[in-house]
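Examination of the molecular architecture
Here are the chains, one letter per residue:
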Amino acid sequence: MEWVVFWFGIALAVILLARYWLLRRESKPRFAEPFDGVVYQAGSAAIVERQCDSPSATVICMHGFVENLTYFTGFYDQPDVQLIAVNSCAYHLPIENPRFVDADWIKSPTAPEGSIEYDAQVLNQALEHLPKSQRVRVHGHSRGGAVVLEAARQRPNLFQEVEVILEAPVLPQARPVSAISPAAMWFMGFLVPLWRRKPISRHNRGAWGPLEDERKRAFIEGLPFNSRRTDVMVANLRSMLLWMEKNEADIFGCLTHGIIIVPGKDRVLDVESMTTSAKSAARHGVSILEVEHCSHFVLLDRPDVFPSLGV
């Protein structure tokens, strides 16, 4: 019996050490693209600004969970649009040969790393200091939608004249399609390496929607490689679940005008709970656009449904 306990203890120690190593092992980035602009480092996050001297509009973007800012660069590619994108805390920067610059207004966030609140503090710094035009749009996708809402809650004064687009967003009192248990998060250190071996598989294929477009397929294949470490993914998930649970519909009162885009075939976030939460936003002047037969990645599948910038 003593030998059984001894070997059980050894096996348990090996499992715990392996999990610790897997959670903190840094991944290699899968994808990077050229970008004509500068990068501001804000703590463990970054703000990327595309060069544009006299823009007719400014767009500030916040990507979703395990995504990166290239989700937006193909859509907001007009030369007279000032594109500003937040790269989430402890995520790889998907830019070839980035040009870092310093700014005296940059402050390291005080919120916990990996939290929605952390990225919201970074987004607000970008919104306060970088726009060069009178017309400003803030566009958040998925988790990025919750980051935008949290940023508006933190600094409502910054959003008074801002157009907000929340695309397939994480919303208060909504939920994911599949429940995420504490046990599932505990095992992520072992599951993510399997996901990296085959990013698109028969187990997850339904979540992505159409994959005929090569750029979208490459984007999806890069998802498990975008965060620097798996423990960042775990922190993101815990923060999202807590944020959805603790926030109520009154957070929408921080917006003056905007739109929530709800895809009808979202296989990442639960459509019913997301729609219910979005309808509560309508009472605060935020409109809702339901897009039938569309996946979670609306911008990649149905770019035609997004409001024009008028530029």
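Bringing helix α3 (residues 116-129) into the picture now. Counted at 1.5 Å a residue, the expected span for α3 with its 14 residues is 20 Å, and the 20 Å between its end C-alpha atoms agrees. Most of α3 is tucked away: eleven of the 14 residues are buried. Those residues of α3 lying buried are I116, E117, Y118, D119, A120, V122, L123, N124, Q125, A126 and L127.

In this sheet, strand β8 (residues 286-291) lies alongside strand β7 (residues 257-263) in parallel orientation, the contact comprising six bridges. Within β8, the position partnered with I261 by the bridge is L289. Crossover handedness for the path β7 to helix α9 (residues 271-282) to β8: right-handed.

With that out of the way, let us pick up the pattern of salt bridges. Tallied over the entire structure, the rule returns 14 salt bridges. For K246, the salt bridge goes to E117, with nearest N and O atoms at 3.2 Å. Of the two residues, K246 is situated in helix α8 (residues 230-246) and E117 in helix α3; the sequence distance between them amounts to 129 residues. What makes K246 partly exposed here is its relative accessible area of 48%. Residue E117 is classed as buried on the basis of its relative accessible area, which comes to 17%. Salt bridges sharing partners connect three or more residues here, namely R135, R137 and E163.

Glancing now at the pairing of strand β1 (residues 37-42). Burial runs high along β1: five of the six residues are buried. Two successive antiparallel strands, β1 and strand β2 (residues 45-50), enclose a turn made up of two residues, where G43 displays a positive phi of approximately 65°.

Now for a nonpolar patch on the surface. Among the surface-exposed residues, F187, L191 and L194 lie close enough to one another that they form a single nonpolar patch of about 300 Å² accessible area. With respect to the helices and strands, L194 occurs in helix α6 (residues 188-197).

In this model, the largest pocket occupies a volume close to 1100 Å³. Lining the largest pocket are 35 residues, with F65, I180, W195, W208 and V268 sitting closest to its centre. Contributions of two or more residues to the lining of the largest pocket are made by α5 (182-186), α6 and α8. Across the lining of the largest pocket, the residue classes tally to 25 nonpolar, six polar and four charged.

To characterise two packed helices, one gives the angle between the axes of the helices and the distance between these axes. In contact at an axis separation of 10 Å, α6 and α8 are set at 110° when each is read in the N-to-C sense. When the axes of α6 and α8 are compared, the pair comes out roughly perpendicular. In this structure, the crossing between α6 and α8 has a hand that is right-handed. Across the interface between the two elements, M188, G189, V192 and R196 of α6 pack against T230, M233, V234 and L237 of α8. Grouping the constituent residues of the contact of α6 with α8 by class yields five nonpolar, two polar and one charged.

How each quantity is defined
Residues numbered from 1 in each chain as written. Predicted model: local features only at pLDDT ≥ 70, side-chain atom pairs only at ≥ 80, totals over all residues. Heavy atoms only, no water. Helix = DSSP H or I, 4+ residues; strand = E, 2+ residues; numbered from the N terminus. Expected span 1.5 Å × (residues − 1). Buried < 20%, exposed > 50% of the residue type's maximum accessible area, 1.4 Å probe, protein only. Pairing = 2+ DSSP bridges. Right-handed = clockwise from strand over helix to strand, strands pointing away. Salt bridge = Lys/Arg side-chain N within 4 Å of Asp/Glu carboxyl O. Patch = residues over 30% accessible without salt bridge, like charges linked within 9 Å, V, L, I, M, F, W, Y side chains within 5 Å. Areas by Shrake-Rupley, 256 points an atom, 1.4 Å probe, with all protein chains shown as cover. 1 Å grid on protein atoms, 1.4 Å probe; cavity = no way out; pocket = protein on both sides within 12 Å on 5 of 7 lines; lining within 4 Å. Points joined across faces, edges and corners; volume = space filled by probe spheres on them. Nonpolar A, V, L, I, M, F, W, Y, C, P; charged D, E, K, R; others polar. Axes fitted to C-alpha atoms, helices over the stretch in contact; angles between N-to-C directions. Parallel < 35°, antiparallel > 145°, perpendicular 65-115°, else oblique. Left-handed = near helix turned anticlockwise from the far one by under 90°. Contact = heavy atoms within 4.5 Å.

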